[in-house]
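Below, each chain spelled out in residue letters.
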Amino acid sequence: MRVLICTFGFDDGKIIEAIRSISHDELYIVTGVANLEQDSYLRLVELSRALSRKMETVTTDIFDLSKSFETVVALVKRLKNEGKDVKMNISGGLPLLTDAALLAAFSEGIVTYYVNDGLLQLPVLKNVTIDERLTKDQKDLIVQIGGGKNIDDLDLSTAHRSVDVKRVLLELRKIGLIKVVVNDGKGWVSHTYEGDAVHRWLLKTGGR
């Protein structure tokens, strides 16, 4: 059974595009209680009825990152335990809910999409959690980078080992978690949108 989870705020357009573009048998909407009165939400209900497709709605506090994260993780775990193939679209929710859903996707290894002039698949590996995907050195650098840092200020060396920081940065760049800008001969490194989500996930969970 193929399941699509969508975050929802006020605009149903991107969710409808995801429904059309991502193969699924059941639709799960994650949103706030107040949004259930929106005409755009009711259109999604009517569309699901017209398609004869099951739609279930899960509500959360869309202004609380931790609660939203925990709600999405709990939903994903439940669906996985039911043996369902879970995918996620995060383009329909408010920014905080979108961030929480992306954190959950990285945490649980859920293939995730974003609708923006087409369907964009985000760099999440199916059934591979972010903790399994990243090495300790990669996670340490993501935390060090924080809001942005000069490459020369990054250091992974200890009394027992010396790590090639530039090699690890290249690895992170290849998987789309950091970006590098060179000005006056100096490299400035910062997170991409996905990298920022992973950074917050690492701070929240300690990489567990």
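Just so it is clear, the structure is predicted and the values come from calculations on it, not from any experiment.

Reading the values: rules and limits
- Residue positions are given per chain, counting from 1 as you read along its sequence in written order.
- It should be noted that, the model being predicted, local features are given only for residues of pLDDT at least 70 and side-chain atom pairs only at 80 or more, the latter also being counted only at that level, while totals for whole chains, interfaces and linings use all residues.
- Excluding hydrogens and water, the side-chain values take into account all heavy atoms of the structure.
- Think of a nonpolar core as a cluster: buried Ala, Val, Leu, Ile, Met, Phe, Trp, Tyr and Cys residues, connected wherever their side-chain atoms sit within 4.5 Å.
- Only protein chains enter the accessibility calculation, which uses a 1.4 Å probe. A residue is then buried if its area is under 20% of the maximum for its type, exposed if over 50%, and partly exposed in between.
- Working definition: helices are DSSP H or I runs of at least four residues, strands are E runs of at least two. Numbering for both runs from the N terminus.
- Contacts: residue pairs with any heavy atoms within 4.5 Å of one another.
- The term salt bridge refers to a pairing of a side-chain nitrogen on Lys or Arg with a carboxyl oxygen on Asp or Glu at a separation within 4 Å.
- Two strands make a pair as long as DSSP finds a minimum of two bridges between them.
- When the strands point away from the viewer and the path from the first strand over the helix to the second turns clockwise, the crossover is right-handed.
- In this scheme, a helix's expected span is set at 1.5 Å multiplied by one less than its residue total.
- By the criterion applied in these results, polar contacts are pairs of N or O atoms within 3.5 Å in which, for protein atoms, one can donate a hydrogen and the other can accept it, and in which residues neighboring in sequence qualify only through two side-chain atoms.
- Each axis is a line fitted through C-alpha atoms, and for a helix only the stretch in contact is used; angles between axes span 0 to 180 degrees, taken between their N-to-C directions.
- Throughout, the arc means that of the directions going from the helix axis to the C-beta atoms.

1. Looking at the nonpolar core
Okay, so step 1: Counting residues in each nonpolar core, the largest one holds 44 residues, and the members touching the most others are Ile5, Met88, Leu141 and Leu169.
Okay, so step 2: Broken down by element, this core gets its largest block of residues, eight residues, from helix 4 (residues 95-108).
Okay, so step 3: Setting aside its immediate chain neighbours within four residues, isoleucine 5 contacts Tyr28, Val30, Leu75, Val76, Leu79, Val86, Lys87, Met88 and Asn89.
Okay, so step 4: Of all hydrophobic cores here, the second largest spans 16 residues; its members include Phe8, Ile16, Ile22 and Tyr113.

2. Some words on the pattern of salt bridges
Okay, so step 1: Taken as a whole, this structure holds 13 salt bridges when the rule is applied.
Okay, so step 2: Across the pair aspartate 99 and arginine 200 runs a salt bridge, and its minimum N-O distance is 3.3 Å. With aspartate 99 in helix 4 and arginine 200 in helix 8 (residues 193-205), this pair connects stretches of sequence that are 101 residues apart.
Okay, so step 3: A salt bridge links aspartate 196 to arginine 200; its shortest N-O distance comes to 3.2 Å. A residue pair is termed a helical-turn pair when its members lie 3 or 4 positions apart in one helix, as aspartate 196 and arginine 200 do in helix 8 at four residues.
Okay, so step 4: The exposure class assigned to aspartate 196 is partly exposed, which follows from its relative accessible area of 29%.
Okay, so step 5: Judged by its relative accessible area of 22%, arginine 200 falls in the partly exposed class.
Okay, so step 6: Through salt bridges with shared partners, a single network forms among Glu26, Lys54, Glu56, Arg78, Glu82 and Lys84.

3. Some points on the pairing of strand 4 (residues 85-89)
Okay, so step 1: Relative to strand 4, strand 1 (residues 2-7) runs parallel, the two being bridged by five bridges. Across the sheet, the residue bridging to leucine 4 is lysine 87, located in strand 4.
Okay, so step 2: Of the pairings in the sheet, the one linking strand 4 to strand 5 (residues 111-115) comprises three bridges and is parallel in character. Looking across to strand 5, one finds that lysine 87 is bridged to valine 111.
Okay, so step 3: Handedness of the crossover joining strand 4 and strand 5 through helix 4 is recorded here as right-handed.

4. A word on helix 3 (residues 65-81)
Okay, so step 1: For helix 3, spanning 17 residues, the distance from its first C-alpha to its last is 24 Å, which sits close to the expected 24 Å at 1.5 Å a residue.
Okay, so step 2: Buried residues of helix 3: Ser68, Phe69, Thr71, Val72, Val73, Leu75, Val76 and Leu79, and no others.
Okay, so step 3: Elements that come into contact with the buried residues of helix 3 comprise strand 1, strand 2 (26-31), strand 3 (54-59), strand 4, helix 4 and helix 8.
Okay, so step 4: Regarding helix 3, its N-cap is aspartate 64, as a side-chain oxygen of that residue lies 3.1 Å from the backbone nitrogen of serine 66 further along.
Okay, so step 5: Downstream of helix 3 by a residue or two, glycine 83 has a phi angle that is positive, lying close to 80 degrees.

5. What about unusual backbone geometry?
Okay, so step 1: In this model, serine 52 sits at a positive phi of 55 degrees, which is unusual for a non-glycine residue.
Okay, so step 2: Within the secondary structure, serine 52 is located in the loop between helix 2 (39-50) and strand 3.
Okay, so step 3: Serine 52 gets classed as exposed once you look at its relative accessible area, which sits at 69%.

6. Here we look at the sheet that holds strand 9 (residues 186-191)
Okay, so step 1: Reading across from one edge, 7-9-8 is the order of the three strands in this open sheet, with antiparallel pairing throughout. At either margin of the open sheet sits one strand with a lone partner, and together these are strand 7 (149-150) and strand 8 (178-183).
Okay, so step 2: Here strand 8 runs beside strand 9; their pairing, made up of six bridges, is antiparallel. Paired with valine 180 across the bridge in strand 9 is valine 189.
Okay, so step 3: Its contacts with the sheet place helix 6 (residues 136-145) against strand 7, strand 8 and strand 9, and it is angled at close to 100 degrees to strand 9.

7. Describing helix 7 (residues 165-174)
Okay, so step 1: Every buried residue of helix 7 is accounted for by Val165, Val168, Leu169 and Leu172. Taken end-on, helix 7 shows its buried residues confined to a sector of 100 degrees, consistent with a single buried face. Within helix 7, the exposed residues directed more than 90 degrees away from the buried face are Lys166 and Lys174.
Okay, so step 2: The secondary structure elements touched by the buried residues of helix 7 are helix 6, strand 8 and strand 9.
Okay, so step 3: Between the side-chain oxygen at the start of helix 7 and the backbone nitrogen of lysine 166 there is a gap of 3.2 Å, and the oxygen is on aspartate 164.

By themselves these figures say nothing about function.
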